[in-house]
Amino acid sequence: MNGLQLSIKKWALLFLLLFLIVPIVMTRVTVYFYDHFSSPYQDELESTTPWLQSHVLEEVHRWDQPSYQQLLNRSSRKLGIRLELLNSAKQTVFSNLSHTNSYQLHSTSAVQIEEAGTTLEHYPIYENNRLIGTVYVQDQRSFIPRKTSWTHYLITEWGGLFVWLFFFSFILAISLRFIKQKILYPLKEFKHATASISNQHFSFPVPTTPVKEINELSTAIQTMQVELELSLQKQETMEKERKLFISSIIHDLRTPLFTIRGSLEGIKQGIAQTPEKLSKYIEISYQKATLLNQLIDDLHTYTITNYIETPLQKQEISLHPFLSDMIMGFSSMAREKDIELIYSKCDNSIHINGDYLLLSRAFENIIGNAIRYTGTHGQVTITVSTADPDFVHMLITDNGIGISSTELPYIFEPLYRGEKSRNRKTGGSGLGLAIAKQVVTQHEGTIFIDSKLEEGTTVTILLPYVYKKPIS
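Residues numbered from 1 in each chain as written. Predicted model: local features only at pLDDT ≥ 70, side-chain atom pairs only at ≥ 80, totals over all residues. Heavy atoms only, no water.

**Points about helix 10 (residues 356-372)**
At 3.6 residues per turn, the α-helix brings residues three or four places apart onto the same side. Here is the rule we go by: Secondary structure elements are defined from DSSP: runs of H or I of at least 4 residues count as helices, runs of E of at least 2 residues count as strands, and each element is numbered from the N terminus. Every helix has an expected span of 1.5 Å times one less than the residues it contains. Categorising residues by exposure relies on relative accessible area from a 1.4 Å probe, with only protein chains included: less than 20% of the type maximum marks a residue as buried, more than 50% marks it as exposed, and the intermediate range marks it as partly exposed. N or O atoms closer than or at 3.5 Å make up a polar contact, with two conditions inside protein: a donor-capable atom paired with an acceptor-capable one, and, for residues adjacent in sequence, both atoms drawn from side chains.
Under the 1.5 Å per step criterion, the end-to-end length of helix 10 is 23 Å for 17 residues, consistent within 8% with the ideal 24 Å. Counting buried residues in helix 10 gives 14 out of 17 residues, a clear majority hidden from the surface. N-cap assignment for helix 10: the residue whose side-chain oxygen lies 3.2 Å from the backbone N of L357 is D355.

Pasting the structure below:
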């Protein structure tokens, strides 16, 4: 998952902070906006003094004008105040006060009269220390009945609690949905996944969530899914190979044993009456016993390199003496078929690190195959190249019967033999190349074959060399 991923601990801390902060903040914000934008009245009234100063107190000479009085009546009512203007003789010039307040105004000498919640204020006007007029102001704005509603009551009295409960419930619903969708549901899917794995069904989806631990579990299950599937496939393949291996070994062992038994029965029954026949029967039995011994050795080596995890007995090996001694051992076999065995001597300074016995067995199998499948008067060449800075290249080339392109992909499989070599005249066990590949792979090397039918085969082995040791 490429989005936000947090651990369960961090998600819990995040939701705890949301529970503590969001309801309180949203409550304050809601009450603030309601008080400032939705209130049906103002708690603090603006002062009327500036308006009185500019429109009334400084306009004494216009008080008796009808047009001015009409304008003053409209303006004062619009502002929510009432006025009464008296001249220097204390006679009313203009008044829009109620009759009650006007009567009280003329019958008392009080400067300020309060009656029935009404306030009267007066402003005397002097010019050259002489009274030229008086203004009485009745401010009715603060006594306008306030409009109330059930929403206003709930918000002013219980609004904070309701807003807090609303946002708390909202966050609680989100958190419960998060737990259900991102934690509980994936765990349920994991239960189905394990049930599918137990039934050896591996094509199932694995959930991903913003929870880090859930994703780690998903990754682990995916890895286990792939590894188990590959393991089962490998197990099925190995089981097929095992059955084929056993059936082929039984056949390979039965054939020479049958020949040996027949030769011994011929000797026992007196069929070999002459020394020549007796020698022939003994020679046949010896050859088949040698073949059996070779097959058993191959089986032992193949079992060790493939199924028994034994550490390699590595040592430093000088490549030239190693190859020279091995090629010398095949000289008699090559002479019997009149095959020219050519070895291009390599530099004495080349050393490799490996198991001497296993490497000897691998090279013997490859060189032996080259001589075995090369006809009379043929040629087998062993060449060593050190042009690669990391690997020493060894090439075993023959001009024998070759291998068809359809057989090359299977040539390293155990007990595989091409159609032209399936009979036992060549004496092969079908394990030589499989052993060679396994040995080279264990030495961190590479082996591959290039071959053309009726033209010959080249086997290339790449092994990492230790160093080019200076010749002393």
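**Details of the confidence of the model for the protein chain**
What counts, and what does not: The quantity known as pLDDT measures the predictor's confidence residue by residue, on a range of 0 to 100. Only heavy atoms enter the contact rule, under which two residues are in contact if any of them lie within 4.5 Å.
For the protein chain, per-residue confidence averages 77 on the pLDDT scale, and 79% of positions sit at 70 or higher. Here residues 107-117 is a poorly scored stretch, pLDDT under 50, and it has 15 contacts once near neighbours within four places are set aside; other chains count. When the criterion is pLDDT under 50, residues 419-425 qualifies, and its contacts beyond four places in sequence or with other chains add up to nine contacts.

**Overview of the pattern of salt bridges**
Spelled out, the test is: Take a side-chain nitrogen of Lys or Arg and a carboxyl oxygen of Asp or Glu: if they are within 4 Å of each other, that pair is a salt bridge.
On inspection of all chains with the given rule, the structure shows two salt bridges. With a closest N to O distance of 3.5 Å, E59 and R62 form a salt bridge. In this structure E59 comes out as buried when scored by relative accessible area, which is 18%. In this structure, E265 and R261 form a salt bridge, with 3.3 Å as the shortest nitrogen-oxygen distance. Residue E265 and its partner R261 are located together in helix 6 (residues 212-268), separated by four residues, close to a single helical turn.

**A short note on unusual backbone geometry**
Positioned with a positive phi, H377 is a non-glycine residue whose angle comes to about 65 degrees. Structurally, the position occupied by H377 is in the loop between helix 10 and strand 9 (379-385). Positive phi, normally seen in glycine, also occurs at E454, with a value near 65 degrees. With respect to the helices, strands and loops of the structure, E454 is situated in the loop between strand 11 (446-452) and strand 12 (456-468).

**A closer look at helix 3 (residues 66-79)**
Our working rule: Our arc is simply the arc of the directions from the helix axis toward the C-beta atoms.
Over its 14 residues, helix 3 runs 20 Å from end to end, which matches the ideal 20 Å to within 8%, given 1.5 Å per residue. Of all the residues in helix 3, the buried ones are Y68, Q69, L72 and S76. All buried residues of helix 3 fall inside an arc of 95 degrees around its axis, so they share one side. Counted as exposed and oriented over 90 degrees from the buried face of helix 3: P66, Q70, R74 and K78. At the exit of helix 3 stands G80, carrying a positive phi of roughly 90 degrees.

**Here we look at the packing of helix 8 (residues 319-329) against helix 10**
Describing two packed helices takes the angle between their axes plus the distance from one axis to the other. Basically, it comes down to this: The axes are straight lines fitted to the C-alpha atoms, using for helices just the contacting stretch, and the angles between their N-to-C directions are given from 0 to 180°. For this classification, under 35 degrees means roughly parallel, over 145 means roughly antiparallel, 65 to 115 means roughly perpendicular, and everything else is oblique. Crossing chirality is assigned from the near helix's rotation relative to the far helix, an anticlockwise turn below a right angle marking it left-handed and a clockwise turn marking it right-handed. When residue character is reported, Ala, Val, Leu, Ile, Met, Phe, Trp, Tyr, Cys and Pro are called nonpolar, Asp, Glu, Lys and Arg charged, and the others, Gly included, polar.
The geometry of helix 8 relative to helix 10 is characterised by a closest axis approach of 11 Å and an angle of 50 degrees between their N-to-C directions. Of the possible angle classes, the one that applies to helix 8 and helix 10 is oblique. Between helix 8 and helix 10 lies a crossing whose hand is right-handed. Together, F322, L323, M326 and I327 of helix 8 and Y356, L359, S360, F363, E364 and I367 of helix 10 make up the contact between the two elements. Taken together, the residues that form the contact of helix 8 with helix 10 break down as eight nonpolar, one polar and one charged.

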